[in-house]
Amino acid sequence: MLGEVERRILQTIKDKGQISRVEISKILNISKPVVSQAVSRLIELGFVKETGKKESSSRGGRRPVLFSFVPESRYVVGVDVGGTKIDAVLTDLNGSILKKEHVVLPSDLDKEKLFEEIKRVMKPLLKYDKILGIGIGIPGTVDENQLIKRIPAFNITNWNLKKELESFAGYPVFIENNANLDAFAETRVGAGKGYRCVFLISIGWGIGSGIVYEGRIFRGARGKAGEFGHMITDWTVDKTVVPEKGFGHLEEWFSGYSLKKKFRKPIETVFEQNPEELRESLEHLGVAIANTTVILDPDVVIIKGGIGFHQFDRIAPIVKSIVERTVPKDILEDIVIKRGEIEEYGVAIGGALYVIENVLGLK
């Protein structure tokens, strides 16, 4: 849609708020005629508008025209496919939510039924004009071609959801792991903003993680990095345990699934009534985080997910104590462990921001 020069100029206008052609030329070291041509096209496409004129200099002369970014020039759909529900949002080009949709998933889902539910939650949002694209987070692994390799919660493998949705919707579709998109959103507009290396742990029914390094999602060689729920934290025990299908060894120690299986009561009640019985499970989580920090050397560890966010104050002290006992001080001294800042729709917002970056190159 945009050439490299147009992308750079649009990013500069977005960053500066209001700026003239002359200032753009100086900042980017691009000739004024090239800047003028690019700005004219950005205005034609609706991404930029004139917003007045700059104050005259002491020497007088013609007042330069100022330009600003138009976030509502395009809309983006972000979708979070969870284990029990789907959330979808319509955002502008700043990632600000304009409309929300939600569906609860039935228990007997297969691939075809899940596809129908995804279409159902998106349909009200696709009625809007000027849609740039669709970003979807799924609870599973995605390869470098955006082919879904596996969604264990629904026993789905090798699904080309991208192709099917592009045929249905008529817009570009980008598919990523949901924890990756959550980490991407927190890096852009949340608890990870300003950090170089962000490691996010999403604790809900299962446990996932996302890694963002220098603003980009780290996916590994084949898109399977971050399968944090499969960490081993006690081989003497774990070697005798065969996790239930779809879950990993760490998730057997601590996750919504394992807590519900062990205590047979609502998760909130478990944290209120059984804090000491949770300590061992949380120590395993702390060991897993410690192992990851010595490998990744992140700036920040963000704890998110339905359990991670809402029970952070109960989880963090135990986790931090294990990490402090395990990780060498010189490695740990610059690492921050904190709660995520985007309470709701983090994955869906991340999906929208991922589309904006991939299509327009905007950050």
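Shown above is the structure to which this text applies.
A.B. asks: Tell me about the overall build of the protein chain, residues and numbers included.
C.D. replies: A tally of regular secondary structure across the protein chain gives 15 helices and 16 strands. In summary, the protein chain has a C-alpha radius of gyration of 23 Å against a globular reference of 21 Å for 363 residues, a match within 12%. Every one of the 363 residues in the protein chain was classed for burial, and the buried ones make up 52%. Here the protein chain has roughly 17,400 Å² of accessible surface; of this, 47% comes from carbon and sulfur atoms.

A.B. asks: Lay out unusual backbone geometry with the relevant residues and their values.
C.D. replies: Residues other than glycine seldom take positive phi values, yet Lys 130 does so here, at roughly 60 degrees. What makes Lys 130 partly exposed here is its relative accessible area of 44%. One non-glycine residue, Gln 146, lies in the positive phi region at around 65 degrees. Tracing the backbone shows Gln 146 in the loop between strand E8 (141–142) and strand E9 (148–151).

A.B. asks: Explain the sheet that holds strand E3 (residues 65–69) residue by residue, including any values.
C.D. replies: Spatially, E1-E3-E2 is the arrangement adopted by the 3 strands of the open sheet, whose pairing is antiparallel. Among the strands making up the open sheet, the edge pair consists of strand E1 (19–20) and strand E2 (48–53). Two strands pair when backbone bridges link them, and E1 and E3 are joined in this way by 2 bridges, in the antiparallel orientation. Bridge pairing links Ser 20 to Leu 66 in E3. Against the sheet, helix H1 (residues 4–16) makes contact with E1, E2 and E3, and its axis sits at roughly 95 degrees relative to E3, the strand it touches most.

A.B. asks: Can you explain the environment of Glu 101? Please cite residues and give values.
C.D. replies: Among the structural elements, Glu 101 can be located in strand E6 (residues 97–104). Sequence spacing of Glu 101 and Val 300 is 199 residues, and the spatial spacing of their C-alpha atoms is 31 Å. Those residues within four positions of Glu 101 in sequence are excluded, and the remaining contacts are Ile 86, Asp 87, Ala 88, Val 121, Pro 124 and Leu 125.

A.B. asks: I'd like to hear about a negative patch on the surface, residue by residue, with values.
C.D. replies: Residues Asp 297, Asp 330, Glu 333 and Asp 334 make up a contiguous surface patch of negative charge. Along the polypeptide, Asp 334 turns up in the loop between helix H14 (329–332) and strand E16 (336–339).

A.B. asks: Go over the nonpolar core with me, naming the residues and quoting the values.
C.D. replies: Ranked by size, the top nonpolar core spans 46 residues in total, and within it Ile 9, Leu 10, Ile 24, Phe 47, Leu 93, Leu 132 and Leu 360 carry the most contacts. Those elements giving two or more residues to this core turn out to be H1, helix H2 (21–28), helix H3 (32–45), E3, helix H6 (178–189), strand E12 (197–203), strand E15 (300–304) and helix H15 (346–360). When residues of this core are assigned to their parent elements, the largest contribution, 10 residues, is made by H15. The contact partners of Ile 24, leaving out residues within four places of it in the chain, are Ile 9, Ile 13, Ile 19, Asn 29, Val 35 and Val 39.

A.B. asks: Let's hear about the pairing of E12: which residues, and what values?
C.D. replies: Within E12, 7 of the 7 residues are buried, which leaves the element mostly enclosed by the surrounding structure. Where burial is concerned, the two faces of E12 agree: the one with Cys 197, Phe 199, Ile 201 and Ile 203 and the one with Val 198, Leu 200 and Ser 202 are both buried. In textbook terms, the turn of a hairpin is the stretch between consecutive antiparallel strands, and for E12 and strand E13 (residues 207–213) this stretch comprises 3 residues. Bridge analysis of E12 against E15 gives 5 bridges, and the strand direction is parallel. Within E15, the position partnered with Leu 200 by the bridge is Ile 302.

A.B. asks: How would you summarise the packing of helix H4 (residues 111–122) against helix H5 (residues 161–169) if you had to cite specific residues and measurements?
C.D. replies: Packed helices, taken two at a time, are described by their axes: the angle between them and the distance between them. In contact at an axis separation of 12 Å, H4 and H5 are set at 45 degrees when each is read in the N-to-C sense. In terms of orientation, H4 and H5 fall into the oblique class. In this structure, H4 meets H5 at a crossing whose hand is right-handed. Packed against H4, whose contacting residues are Phe 115, Ile 118, Lys 119 and Met 122, the element H5 presents Leu 161, Glu 164, Leu 165 and Phe 168 at the interface. For the contact of H4 with H5, the residue count by class is 6 nonpolar, no polar and 2 charged.

A.B. asks: Which residues make up the pattern of salt bridges, and what values do they have?
C.D. replies: Under the defined criterion, the tally for this structure stands at 16 salt bridges. A salt bridge links Lys 162 to Glu 166, with the nearest nitrogen and oxygen atoms 2.9 Å apart. In this pair, Lys 162 and Glu 166 are both assigned in helix H5, 4 residues apart and thus about one turn of the helix distant. The exposure class assigned to Lys 162 is buried, which follows from its relative accessible area of 19%. Judged by its relative accessible area of 28%, Glu 166 is partly exposed. One salt bridge in this structure joins Glu 186 and Lys 304, with 2.9 Å as the shortest N-O distance. Placement of Glu 186 in helix H6 and of Lys 304 in strand E15 is noted, with a sequence separation of 118 residues between them.

A.B. asks: Got a sec to walk through the environment of Val 301? Specific residues and values, please.
C.D. replies: Examined against the element boundaries, Val 301 turns out to sit in strand E15. Sequence-distant contacts of Val 301, that is, excluding residues within four places in its chain, are made with Phe 199, Ile 201, Ile 289, Thr 293, Ile 335, Val 336, Ile 337 and Lys 338.

What counts as what
- Residues numbered from 1 in each chain as written.
- Predicted model: local features only at pLDDT ≥ 70, side-chain atom pairs only at ≥ 80, totals over all residues.
- Heavy atoms only, no water.
- Helix = DSSP H or I, 4+ residues; strand = E, 2+ residues; numbered from the N terminus.
- Rg over C-alpha atoms; globule rule 2.2 N^0.38 Å.
- Buried < 20%, exposed > 50% of the residue type's maximum accessible area, 1.4 Å probe, protein only.
- Areas by Shrake-Rupley, 256 points an atom, 1.4 Å probe, with all protein chains shown as cover.
- Pairing = 2+ DSSP bridges.
- Contact = heavy atoms within 4.5 Å.
- Axes fitted to C-alpha atoms, helices over the stretch in contact; angles between N-to-C directions.
- Patch = residues over 30% accessible without salt bridge, like charges linked within 9 Å, V, L, I, M, F, W, Y side chains within 5 Å.
- Salt bridge = Lys/Arg side-chain N within 4 Å of Asp/Glu carboxyl O.
- Lys, Arg positive; Asp, Glu negative; His and termini not counted.
- Charge placed at Lys NZ, Arg CZ, Asp CG, Glu CD.
- Core = buried A, V, L, I, M, F, W, Y, C linked by side-chain atoms within 4.5 Å.
- Parallel < 35°, antiparallel > 145°, perpendicular 65-115°, else oblique.
- Left-handed = near helix turned anticlockwise from the far one by under 90°.
- Nonpolar A, V, L, I, M, F, W, Y, C, P; charged D, E, K, R; others polar.

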